[in-house]
Amino acid sequence: MDNTTKIVDRFGREHKYLRISLTERCNLRCFYCMPEEGVKLREKSCFMTSEEVIELAEKFVALGVTKIRLTGGEPLIKKDIGNILSQLSKLPVELGITTNGVLVDKYIDTFKKAGIKSVNVSLDSLKEDRFNAISRRNYFNRIKSNIDLLIENDFNVKVNVVLIKDVNDDEITDFIDWSIIKPIEVRFIEFMPFDGNKWNWDKLVSNKKILETVHSHYGEDYVEKIKDKKNDTTRSYRIKKAKGSFGIISSMTNPFCDTCNRIRLTADGKIRNCLFSNSEVDLLGALRRKQNVEQLILQSIYNKEKQRGGINNFETSDFVLKDDRSMVTIGG
Ligand code: SF4
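On a predicted model such as this, the values are computed, not experimentally measured, just so you know.

1. Things to note about the sheet that holds strand S1 (residues 17-21)
Taken together, the twelve strands give an open sheet; going across it, the order is S7-S8-S9-S6-S5-S4-S3-S2-S1-S10-S11-S12, and neighbouring strands pair in mixed fashion. Among the strands making up the open sheet, the edge pair consists of strand S7 (223-225) and strand S12 (281-282). Two strands pair when backbone bridges link them, and S1 and strand S2 (residues 67-71) are joined in this way by five bridges, in the parallel orientation. In the sheet register, Tyr17 faces S2, and the bridge partner there is Lys67. Sitting on the sheet, helix H5 (residues 140-152) is in contact with strand S4 (118-122), strand S5 (156-163) and strand S6 (184-190), with an inclination near 165 degrees to S4. With respect to the sheet, helix H6 (residues 172-181) is in contact with S5, S6, strand S8 (235-239) and strand S9 (245-249), its orientation differing from that of S6 by roughly 160 degrees.

2. Looking at the packing of aromatic side chains
Any two aromatic rings considered together are summarised by their centre-to-centre distance and by the angle between their planes. According to the stated counting rule, one finds 13 aromatic pairs in the structure shown. When the centroid spacing of 5.7 Å and the interplanar angle of 5 degrees are considered together, the rings of Phe194 and Phe276 count as stacked. Of this pair, Phe194 sits in the loop between S6 and helix H7 (207-218) while Phe276 sits in the loop between strand S11 (270-272) and S12, and the two are 82 residues apart along the sequence. Of the residues examined, Phe276 reaches a relative accessible area of 8% and is grouped as buried. Put simply, the rings of Phe194, Trp199, Trp201, Phe276, Phe314 and Phe319 touch in pairs and so form one group of aromatic residues.

3. Structural notes on the pairing of S8
Pairing of S7 with S8 involves three bridges; the strand directions are antiparallel. Its bridge partner lying in S8, Val223 is registered against Ile239. Where S8 and S9 come together, three bridges link them in antiparallel fashion. Within S9, the residue paired with Ser236 across the bridge is Gly247. As consecutive antiparallel partners, S8 and S9 are separated by five residues, and within that stretch Lys241 has a phi angle of approximately 65 degrees, a positive value.

4. Some details on the nonpolar core
Counting 103 residues, the largest nonpolar core has Ile20, Phe60, Ile68, Leu70, Phe111 and Phe188 as its most contacted members. With six residues, the top contributor of residues to this core is helix H1 (residues 50-62). The contacts of Ile20, once residues within four sequence positions are left out, are Met48, Val53, Ala57, Ile68, Arg69, Leu70, Thr71 and Leu265.

5. Thoughts on the pattern of salt bridges
All told, the structure shown has 19 salt bridges when counted by the stated rule. Here Asp228 and Lys225 are joined by a salt bridge, their closest N and O atoms 2.9 Å apart. Overall, the relative accessible area of 25% leaves Asp228 in the partly exposed class. When the shortest N-O distance is used, the salt bridge between Lys306 and Asp258 registers 3.9 Å. Here Asp258 lies in the loop between S9 and strand S10 (262-265) and Lys306 lies in the segment after helix H9 (293-302), a separation of 48 residues in the sequence. The exposure class assigned to Asp258 is exposed, which follows from its relative accessible area of 58%. Each member of the salt-bridge network shares a partner with another, and the members are Glu24, Arg42, Asp268, Lys270, Arg272, Glu280 and Arg325.

6. Overview of the state of the cysteines
A full pass over the atoms with the stated rule returns zero disulfides. Of all cysteine sulfurs in the structure, the one in Cys30 sits closest to Cys26, which takes part in no disulfide; the separation is 6.4 Å. Among the cysteines around Cys46, which has no disulfide bond, Cys33 carries the closest sulfur, lying 20 Å off. Since its relative accessible area comes to 29%, Cys46 is described here as partly exposed.

7. Quick look at the packing of helix H4 (residues 128-135) against H5
The contact between H4 and H5 brings their axes to 9 Å, and the two run at 105 degrees. The pairing of H4 with H5 is recorded here as roughly perpendicular in orientation. Contact residues: Glu128, Phe131 and Asn132 in H4; Phe140, Asn141 and Ile143 in H5. When the residues that make up the contact of H4 with H5 are grouped by side-chain class, the tally is three nonpolar, two polar and one charged.

8. Brief notes about the side chain of Arg272
Summarising the element assignment, Arg272 is placed in strand S11. Given a relative accessible area of 0%, Arg272 falls into the buried group. One polar contact links the side chain of Arg272 to the main-chain carbonyl oxygen of Ser277, over a distance of 3.3 Å.

9. So, the environment of Ser122
Structurally, the position occupied by Ser122 is in strand S4. For the pair formed by Ser122 and Thr98, sequence separation is 24 residues and the distance between their alpha carbons is 7.6 Å. When neighbours within four sequence positions are excluded, Ser122 is seen to be in contact with Thr98, Thr99, Asn100, Ile143 and Asn160.

The rules we used
- Residues numbered from 1 in each chain as written.
- Predicted model: local features only at pLDDT ≥ 70, side-chain atom pairs only at ≥ 80, totals over all residues.
- Heavy atoms only, no water.
- Pairing = 2+ DSSP bridges.
- Helix = DSSP H or I, 4+ residues; strand = E, 2+ residues; numbered from the N terminus.
- Contact = heavy atoms within 4.5 Å.
- Axes fitted to C-alpha atoms, helices over the stretch in contact; angles between N-to-C directions.
- Phe/Tyr/Trp six-rings, centres within 6.5 Å; stacked < 30°, edge-to-face > 60°.
- Buried < 20%, exposed > 50% of the residue type's maximum accessible area, 1.4 Å probe, protein only.
- Core = buried A, V, L, I, M, F, W, Y, C linked by side-chain atoms within 4.5 Å.
- Salt bridge = Lys/Arg side-chain N within 4 Å of Asp/Glu carboxyl O.
- Disulfide = S-S within 2.5 Å.
- Parallel < 35°, antiparallel > 145°, perpendicular 65-115°, else oblique.
- Nonpolar A, V, L, I, M, F, W, Y, C, P; charged D, E, K, R; others polar.
- Polar contact = N/O pair within 3.5 Å; in protein donor to acceptor, adjacent residues only side chain to side chain.

Laid out in structure tokens, this is it:
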């Protein structure tokens, strides 16, 4: 494979952004992501070892990947996460991590050594009781103080909020008020269907509904549109004179697939060419059998659907989820 090879799909989209899920385990039990009892634990041999994570990452980078984000489950519960971060930091990539924030205080220096600048923290409520009810654990204050710790240490902090009707959609302006006084980017994520999360269209708080709420509360003149970058998944805004900003990730009502450059590698070493596509290819098995992994990567992405894994009936009554993965086993 010569070094000019790029990872391009049949619609001409070049893929340079790899999201690696390091584990299916998590120290939270958010009801829209993970079954209460957790996911069925499998043999250790089913999952990528740290060496295999690095080896596969190197192959993706050789094919043009320039950005890697680590996800999970919760990546910080992965035993040798420090070693993985330091190894990946040697690659010519922008390195980022998405975490639930519980263990962040233990890794501030590790993040700095690995050259991580951007940390995404999931926090679905600013109300302690409600957060503990959603996550089924009592880590609210620890996560809040860890977000402040990241800000104090000059990390770019994005706070991911999965909005669900009648669960936390009454906190939209509370989160935005927070972005007015703190240099954070709050990102409202439209609720998406994955195995076991009892999703339906009526529970979704749409991009349109969020903007209506914002404009009626702050007044349209006080809401500035921030220019989005080419591959951005977020449509970003700022309240005039705010320290931070907010954005909307609208995969369901206003998808952004035209400029998609994302590839997912699951903790068990499967490449997923789209968040919603369950046509996975087993790279880990091929790697262990010393087969041509690069060819499998190129073919998997070439076969990618134009939009949302080819699903276009989410809002209709005959939509049936044909995916056997819960969000925790994909990594978002
Ligand atoms: S739904 Fe699939 S194609 Fe669309 S942006 Fe997400 S990963 Fe890309």
